[in-house]
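For reference, the chains in residue letters:
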Amino acid sequence: MLLRRDGRSARPSGALSDADVLIVGAGCAGLSLAWHLVERGLGGRRLLLVDPRTEYGRDRTWCFWNVVEHPFEDLVTKRWSRWRVRHDGPWVERSADGLRYEHLPSDAFYDRVLARLRAEPGVELRLGTSAGEIVEHADGVRVETSGGTLRAPIAFDSRPPPRRAASRPGRDVAFLQHFEGWQIEADRDAFDPTVATLMDFAVPQEHGVHFFYVLPYGPRRALVEATWFGTEVPGDDVYETALVRYIRESLGVNEWRITDREAGVIPMSAEPMPIRLSERVYRIGLGGGMAKPSTGYAFQAIQTFSEGMAARLDHDTLPEPPTPRTPFQLFQDRVFLSYLSRHTSRMPATLVGLFEQVEPKLLARFLSDRSSPTNALEVMAAMPIRAMTAETLRSYRLWLR
């Protein structure tokens, strides 16, 4: 049973609760928090997860540099010791001793976590269950679902935020990073499996800033992903046209079959996204600001947050949540996004320039929110000095409002 800070029962008075911890949305963030809670031991607590999906599959590919420890290292299926980017010139290829760009498929993560949760007597997963708004009352929360009303002392909402790129006039800047990827098998050897293409901007810049991301798994197999930074999400035909053109013209592959597809929309905003919505309701995942605003990387931050949140719940029924990133990190993302919004046409050259000028381990830690303020300033110094100084001063004034 969960306890209040004063040691008394935290279950709602006048009604039995359905769980001691309720998680609405069982995607990466919801499952990660459940995993870390179970790993620490539930201690008789009941954990309930609800999600509208009815089954799990490979709907995502999480990639990151190996600069943050997490409990799913053994699920990494591919590591690249070399990576490259380009704009309107030759490829910029980088590597560093011990540094790897890693690939973790979502189906392996789902299988591991679901097996662990289903083996735990105190955990219940209700799939095919859609949920409405989480409503807080005096001693708990209530949510209406397609399977009836659920009550608990505390709830975590891991549902993604609305698809929008909204900015508060004069202050916050926001983009959407949206993409569609095809895992393809070519009819001939076409890929170098030792090099990952992180950003290929040498494509028509239509519908916003556009690049391709190519992860080769073997000579004939790769994930080819069309990605945009912009404020609107185009129709499906835009993705298909771009992918077909790139596979044929840039990769030189005329015949292939699609073995998997994935798509997504990631908000890129430095606007504060509070995790704690009220005393008993927390927002986690993308809606809780766990994707780095300037890059969209989220998996490692979700694991770090989930481990910290589970530890705090061991000592306090309604704890203050860990912060995904420091105020300084948020500020530097605000500066970076502000610069890109005012100088959008420079984005490809600026991003490629970072890979060309910054030492790989330093840049990897910066992109993963693991650099010190001093090292972060070194990275920012590789960008256009005059424009970045102006944006820093502008963002600092806006931050103080």
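Whatever comes next refers back to the structure up there.
To start, this report covers the structure provided alongside it.

**Here we look at the pairing of strand S7 (residues 101–105)**
Two faces, one strand: in a regular strand the side chains alternate between the faces of the sheet.
Then, in step 1: The element S7 is largely enclosed, with a buried count of five among its five residues.
Then, in step 2: The pairing of strand S3 (residues 61–65) with S7 spans five bridges and is classified as antiparallel. In the strand pairing of S7, Trp62 is matched with Leu104.
Then, in step 3: As paired strands, strand S4 (residues 78–80) and S7 are joined by three bridges and run antiparallel to one another. Opposite Lys78, over in S7, you have His103 as the bridge partner.

**What about the sheet that holds strand S12 (residues 155–157)?**
One key point about sheets: their strands pair by backbone hydrogen bonds, in either a parallel or an antiparallel sense.
Then, in step 1: The strand order across the open sheet built from five strands is S8-S2-S1-S12-S18, with neighbouring strands paired in parallel fashion. Looking at the sheet topology across the chains shown, the edges are occupied by strand S8 (123–127) and strand S18 (281–283). The mean angle between the axes of side-by-side strands here comes to 15 degrees, regardless of whether they run parallel or antiparallel.
Then, in step 2: Two elements, strand S2 (residues 47–51) and S8, share five bridges in a ladder whose sense is parallel. For Leu48, the partnering residue across the bridge sits in S8 and is Glu124.

**A closer look at the nonpolar core**
Then, in step 1: Core analysis: the biggest nonpolar cluster contains 47 residues, and Trp65, Tyr101, Leu198, Leu215 and Phe355 have the highest contact counts within it.
Then, in step 2: Excluding anything up to four places from it in sequence, Phe355 contacts Trp65, Trp83, Val85, Val92, Arg94, Leu198, Met199, Leu363 and Leu367.
Then, in step 3: Counting 44 residues, the second largest nonpolar core, distinct from the first, contains Ala29, Phe72, Met290 and Phe305.

**Focus: the pattern of salt bridges**
When the charged atoms of two side chains lie near each other, side chains of opposite charge can form a pair.
Then, in step 1: If you walk through the whole model with that rule in mind, you get 23 salt bridges.
Then, in step 2: Among the ionic pairs, Asp51 bridges to Arg53, the shortest N-O distance being 3.1 Å.
Then, in step 3: For Asp51, a relative accessible area of 6% puts it in the buried group.
Then, in step 4: Here Asp333 ties to Lys292 by a salt bridge, and the two come within 3.3 Å at their closest N and O atoms. Of this pair, Asp333 sits in helix H5 (residues 327–342) while Lys292 sits in the loop between S18 and helix H4 (299–313); the two residues are 41 residues apart in sequence, bridging distant segments of the chain.
Then, in step 5: When its relative accessible area of 1% is taken as the criterion, Asp333 is described as buried.
Then, in step 6: Taken together, the shared-partner salt bridges in this structure form one network comprising Lys292, Arg325, Asp333 and Asp369.

**So, the packing of aromatic side chains**
Then, in step 1: If you walk through the whole model with that rule in mind, you get 20 aromatic pairs.
Then, in step 2: Measuring from centroid to centroid gives 5.8 Å for Phe109 and Phe299, while their planes differ by 80 degrees, and the two rings are edge-to-face. You can see Phe109 sitting in helix H2 (residues 106–118) and its partner Phe299 sitting in helix H4, a full 190 residues away along the chain. For the pair Phe109 and Phe299, one class covers both residues: buried.
Then, in step 3: An aromatic cluster of at least three residues, connected via ring pairs, comprises Trp35, Tyr56, Trp62, Phe64, Phe72, Phe109, Tyr110 and Phe299.

**Some remarks on the sheet that holds strand S9 (residues 131–137)**
Then, in step 1: Here three strands make up an open sheet; going across it, the order is S9-S10-S11 and the pairing antiparallel. Pairing within the sheet leaves two strands with one partner each, and these edge strands are S9 and strand S11 (148–152). Across this sheet, the average inter-strand angle for adjacent strands is 20 degrees, counted without regard to direction.
Then, in step 2: With five bridges connecting them, S9 and strand S10 (residues 140–145) associate as antiparallel partners. Paired with Val135 across the two strands is Arg142, which belongs to S10.

**A short note on unusual backbone geometry**
Then, in step 1: Positive phi is not limited to glycine here, since His207 has a value of about 65 degrees.
Then, in step 2: If you trace the backbone, His207 turns up in the loop between strand S14 (195–200) and strand S15 (209–216).
Then, in step 3: The backbone of Asp369 sits at a positive phi, close to 60 degrees, despite the residue not being glycine.
Then, in step 4: Inspection of the secondary structure assignment puts Asp369 in the loop between helix H7 (360–367) and helix H8 (373–380).
Then, in step 5: For Asp369, a relative accessible area of 8% translates into the label buried.

**A word on the environment of Ala311**
Then, in step 1: Locating Ala311 in the fold gives a position in helix H4.
Then, in step 2: The class of Ala311 is partly exposed, set by a relative accessible area of 22%.
Then, in step 3: Once the C-alpha coordinates of Ala311 and His36 are considered, the two residues, 275 residues apart in sequence, prove to be 8.5 Å apart.

Procedures and definitions
Residues numbered from 1 in each chain as written. Predicted model: local features only at pLDDT ≥ 70, side-chain atom pairs only at ≥ 80, totals over all residues. Heavy atoms only, no water. Buried < 20%, exposed > 50% of the residue type's maximum accessible area, 1.4 Å probe, protein only. Helix = DSSP H or I, 4+ residues; strand = E, 2+ residues; numbered from the N terminus. Pairing = 2+ DSSP bridges. Axes fitted to C-alpha atoms, helices over the stretch in contact; angles between N-to-C directions. Core = buried A, V, L, I, M, F, W, Y, C linked by side-chain atoms within 4.5 Å. Contact = heavy atoms within 4.5 Å. Salt bridge = Lys/Arg side-chain N within 4 Å of Asp/Glu carboxyl O. Phe/Tyr/Trp six-rings, centres within 6.5 Å; stacked < 30°, edge-to-face > 60°.

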